[in-house]
Amino acid sequence: MAAITAPFGSAISETGKTFKLIARNPASFIGLLVLVVITIVSLVGPMVIPPQNHANVAEILEGPSSRHILGTDFQGSDNLALLVYGGKDILEVAFVAGLLTTLLAVAVGSVSAFLGGIVDTVLMELVNIWLTIPQFPLLAILATMVKLSDIFLLAVLLALLGWAGLARQIRSQVLSLKQRDYVEAAMTLNLGTPHIIFREMLPNMMSFVAISLIFAATSAIYQQTSLVFLGLVPFSSANWGTTLSLAYTKGAIYQSDAAWTMLAPVGAIALFQLALVSLSRSLDEVFNPRLRTSV
Amino acid sequence: MSTISVPVTTERPVSFPWLRRITSNFLLRRLLKALFTIWTVTTLIFFVIRAMPGSPVDIFVNDLVLKGLTEEEAMRRAASLLHIDLSEPLPKQYVEFLGNLARGDLGISYINRGQEVSTLIAQRLPWTLFSVGTSLIISFFLGIFLGMIIAYKRDTWLDHLLTNIAAGLDAIPAYMTAIVLIILISLVWKIVPAGELRGSLSAGIKPGFTFDFFGDVLKHVALPALVYILASVGSWMLTMKSSTVSTLGEDYVTVAKARGLPESRIITAYVGRNASLPLFTRFALSIAFILGGSVIIEKIFTYQGIGLLLTQALYSRDYPVMQGIFLVTTIAVVFSNAIADLLYGFLDPRIRVQGEGN
């Protein structure tokens, strides 16, 4: 048990170091700030702003004004309020799917690299086959079978589809770490597999895993909103994807009045993705020693 | 060490008969593995698409009822128009499907007036290959070029500008770029109305070697192609940047500089060639994303490619068409992976030497 609880100390110090490096890079610090703001607004906002659940015929498709900063949609709902309400689903799927994808990939990748032999061959063959399947079309098929109102189930689905590429990368990371002197020393000392994985290897892969988690989250957002946009799955609750999709099916690309209804969710999703990616860029400098040393 | 590191080697070692036997065995193994992969994916897809809720008949009838027909009338029409027999048990359907597949018969579409699946795919595939393929090649070489420039100009204003642009482009989903482009071009700048850009050809234009035809093709492909390029160029740039930065730190580059080789030769034959190696494998792998990427973009532009065909087939539960598209894509991916491996061995002498040494 001690071998498993102990690494949290090193993980915390690793996190502290990572935060310092984030603060040093202005772009990723802004990214972190934007993420925090979006998260707070999406979680707290729906408790403060009244819900937009009835049509308001008097104010259909208005441009930005002081009353409606981002204009109104085809039902007269305030676009900004729709954004505030639509963030929670997206954040939840992004977080859960990102976490599950990374966990699955780390598990498969490190088991494969550690055990080697027949297990490695079989798992990597599975990865190869999995990567051959066109991911998004398969997701579209599978998504018709689950209730999309169940956000957690969607996140699990995204993770089950998306783990393979990352697992291969983790495997080569572990393989290269296995060659390092300190890992070989730990093996010679017979410190046990949990100790070697959690104490020696994981801290050294931490930033890579963190970056991968962020990219898994961005890909989850992309796929989730695309799925709704395609109209192949029934709409669940209001989120940025459904707002965008409804605006599109109402012909918003043909009338300039409706452009704001499309641009609002597009802007929100893009901002969120950009924030995640710029956060990940300082992690890249932590991760790539050549980028770090030559600064 | 130096003979291995110098990238340009035209000499090939003499191949011994026993070596050739292994190579031919290797090719055979490769082929069997490819067939196994294709069979596994096809089988998986066969059962997964038939597990989707709603049968093709239900959806067809539902649509007609929504259009105002009575349910009996809709059922009668479904019976006369659709060529479906789903009464047989699934394993029997599967065996029959595999038998037909072995003879190269992909079956008949349920919906599109009983057209052959192979004909439908043959009609739609060229449009997708043309639009996505061209864009992919353009963005690949543009990305390599810009990525190298960034790596050489590290920590200048140009680096910061281009890296930020690349990261931004990489972060924004392709279909959003498409929407913003349409809004800008047809609503804000009012260059062309959005309706004129829909489809892959204007009505009344006949395929042939005429200026009208090629002009129209280019006009319709311009926006989707721009979207594909913008969506993928950022990632090529960033990958090439980090790959070039790593290569610049290699000993053989330092040695080449010390030997006083001209800068242009170092950039092309030493840095460029080695830094772009990992990108070629990724290029082959990105072929797998052609279908995934085209599904949404083709829907937005109603571009008559294979992605749009798949969306329609998905919606109407047209099993044979879905199956056919997945099969074609899987074969393309397996094939391009094999090419990537061969190409990698051909481009990187270090791997070739290692492989032949074993």
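Residues numbered from 1 in each chain as written. Chains lettered and ligands numbered in written order. Predicted model: local features only at pLDDT ≥ 70, side-chain atom pairs only at ≥ 80, totals over all residues.

Here we look at the overall build of chain A
Convention followed: A run of H or I in DSSP becomes a helix once it reaches four residues, and a run of E becomes a strand once it reaches two; helices and strands are each numbered from the N terminus. Using C-beta atoms placed from the backbone, we call a residue buried if 20 or more other C-beta atoms fall within 10 Å of its own, exposed if 12 or fewer do, and partly exposed for counts in between. Contact between residues is assigned whenever the C-beta positions, reconstructed from backbone atoms, fall within 7 Å.
In terms of regular secondary structure, chain A is built from twelve helices and zero strands. Going residue by residue from the N terminus, the α and β elements of chain A occur as α-α-α-α-α-α-α-α-α-α-α-α. Within chain A, the proportion of its 295 residues that are buried is 44%. Taking all contacts inside chain A whose residues are at least 6 apart in sequence as the whole, residues at least 24 apart take part in 70%.

Regarding the overall build of chain B
Within chain B, the secondary structure is distributed over 16 helices and zero strands. Expressed as a percentage of its 358 residues, the buried residues of chain B come to 34%. Nonlocal contacts in chain B, meaning residues at least 24 apart in sequence, comprise 73% of its contacts between residues at least 6 apart.

Some thoughts on the nonpolar core
Applicable threshold: Residues enter a nonpolar core if they are buried, belong to Ala, Val, Leu, Ile, Met, Phe, Trp, Tyr or Cys, and are joined to the set through C-beta atoms within 7 Å.
One finds Ala97(A) and Ile179(B) to be the most contacted residues of the largest nonpolar core, which totals 151 residues. Counting residues per element, this core draws most heavily on helix α9 (residues 193-230) of chain A, at 17 residues. Discounting chain neighbours no more than four positions away, the residues touching Ala97(A) are Ala155(A), Leu158(A), Ala159(A), Ala216(A), Ala217(A) and Ala220(A).

Re the interface of chain A and chain B
If you look at the interface, chain A gives 35 residues, while chain B gives 41 residues. Taken together, the elements giving at least two residues each to the side of chain A that touches chain B come down to α5 (117-132), α6 (135-143), α9, α11 (259-287) and α12 (289-293) of chain A. Considering every element that reaches the side of chain A that touches chain B, the biggest residue donor is α11(A), with eleven residues.

Brief notes about the environment of Thr72(A)
Residue and element names in this part refer to chain A. Inspection of the secondary structure puts Thr-72 in the loop between α3 (26-48) and α4 (79-115). The buried category is assigned to Thr-72, around which 28 C-beta atoms lie within 10 Å. Considered as a pair, Thr-72 and Ala-186 are 114 residues apart in the sequence and their alpha carbons are 63 Å apart.

What about α4(A)?
Residue and element names in this part refer to chain A. Where we set the bar: In a helix, the anticipated span is given by 1.5 Å times the number of residues less one. We define the bend at each residue as the angle formed by axes fitted to the 7 residues ending at it and the 7 residues starting at it.
With 37 residues, α4 ought to run about 54 Å at 1.5 Å a step, and its terminal C-alpha atoms sit 53 Å apart, in line with that. Largest kink in α4: about 30°, centred on Gly-86. One or two residues past the end of α4 sits Gly-116, with phi positive at roughly 65°.

Let's talk about the environment of Pro46(A)
Residues and elements named next belong to chain A. Structurally, the position occupied by Pro-46 is in helix α3. Overall, the presence of 16 C-beta atoms within 10 Å leaves Pro-46 in the partly exposed class. Distance in space between the C-alpha atoms of Pro-46 and Val-119 is 49 Å, their sequence separation being 73 residues. Excluding its chain neighbours within four sequence positions, the residues that come into contact with Pro-46 are Val-84, Tyr-85 and Lys-88.

Topic: the confidence of the model for chain B
All names here are of chain B. Note the cut-off: Confidence of the predictor at the level of single residues is captured by pLDDT, which takes values from 0 to 100.
Averaged over all residues, the pLDDT of chain B is 80; the fraction at 70 or higher stands at 86%. Ranking the helices and strands of chain B by mean pLDDT puts helix α6 (residues 117-152) first, with 90, and helix α1 (residues 2-5) last, with 44. Considering only residues more than four positions removed or in separate chains, one finds that residues 1-11, a stretch of pLDDT under 50, has ten contacts. Low pLDDT, under 50, characterises residues 353-358; the stretch is placed with three contacts to residues that sit more than four places away or in other chains. Confidence estimates for the predicted assembly give a pTM of 0.80 and an ipTM of 0.78.

Brief notes about the packing of helix α12 (residues 277-286) of chain B against helix α15 (residues 319-347) of chain B
Packed helices, taken two at a time, are described by the angle their axes make and the gap between the axes. All names here are of chain B. What counts here: To define axes, lines are fitted to C-alpha atoms, for helices over the stretch in contact only, and angles between the resulting N-to-C directions are given on a 0 to 180 degree scale. By the definition adopted for this analysis, an angle is roughly parallel if under 35 degrees, roughly antiparallel if over 145, roughly perpendicular if from 65 to 115, and oblique otherwise. Less than a right angle of anticlockwise turn of the near helix away from the far helix marks a crossing as left-handed, whereas a clockwise turn marks it as right-handed. Throughout, the ten residues Ala, Val, Leu, Ile, Met, Phe, Trp, Tyr, Cys and Pro are labelled nonpolar, Asp, Glu, Lys and Arg are labelled charged, and all others, Gly among them, are labelled polar.
Across the interface, α12 lies against α15 with an axial gap of 8 Å and an inter-helix angle of 165°. One element, α12, and the other, α15, form an angle in the roughly antiparallel class. α12 and α15 meet at a crossing whose hand is right-handed. The segment α12 lies against α15, with Leu-277, Phe-280, Thr-281, Ala-284 and Leu-285 engaging Ser-336, Asn-337, Ile-339, Ala-340, Leu-343, Tyr-344 and Leu-347. Split by residue class, the contact of α12 with α15 holds nine nonpolar, three polar and no charged.

Some thoughts on unusual backbone geometry
As a rule of thumb, non-glycine residues mostly have phi less than zero, and peptide bonds are mostly trans rather than cis. Residue and element names in this part refer to chain B. With a phi close to 40°, Thr-302 is a non-glycine residue in the positive phi region. Topologically, Thr-302 is positioned in the loop between α13 (288-300) and α14 (306-316). Under the C-beta neighbour-count criterion, Thr-302 is labelled partly exposed, with 13 such atoms within 10 Å. Look at Arg-317: it is not a glycine, yet its phi comes out positive at around 55°. Following the sequence through the fold, Arg-317 ends up in the loop between α14 and α15.

Topic: the packing of α6(A) against α9(A)
Residues and elements named next belong to chain A. Between α6 and α9, the shortest axis-to-axis distance is 11 Å and the interhelical angle comes to 65°. Of the two elements, α6 crosses α9, and the hand of that crossing is right-handed. Each of Phe-136, Leu-139, Ala-140 and Ala-143 in α6 lies in contact with α9, whose residues at this interface are Gln-223, Ser-226, Leu-227 and Leu-230. Taken together, the residues of the contact of α6 with α9 sort by class into six nonpolar, two polar and no charged.

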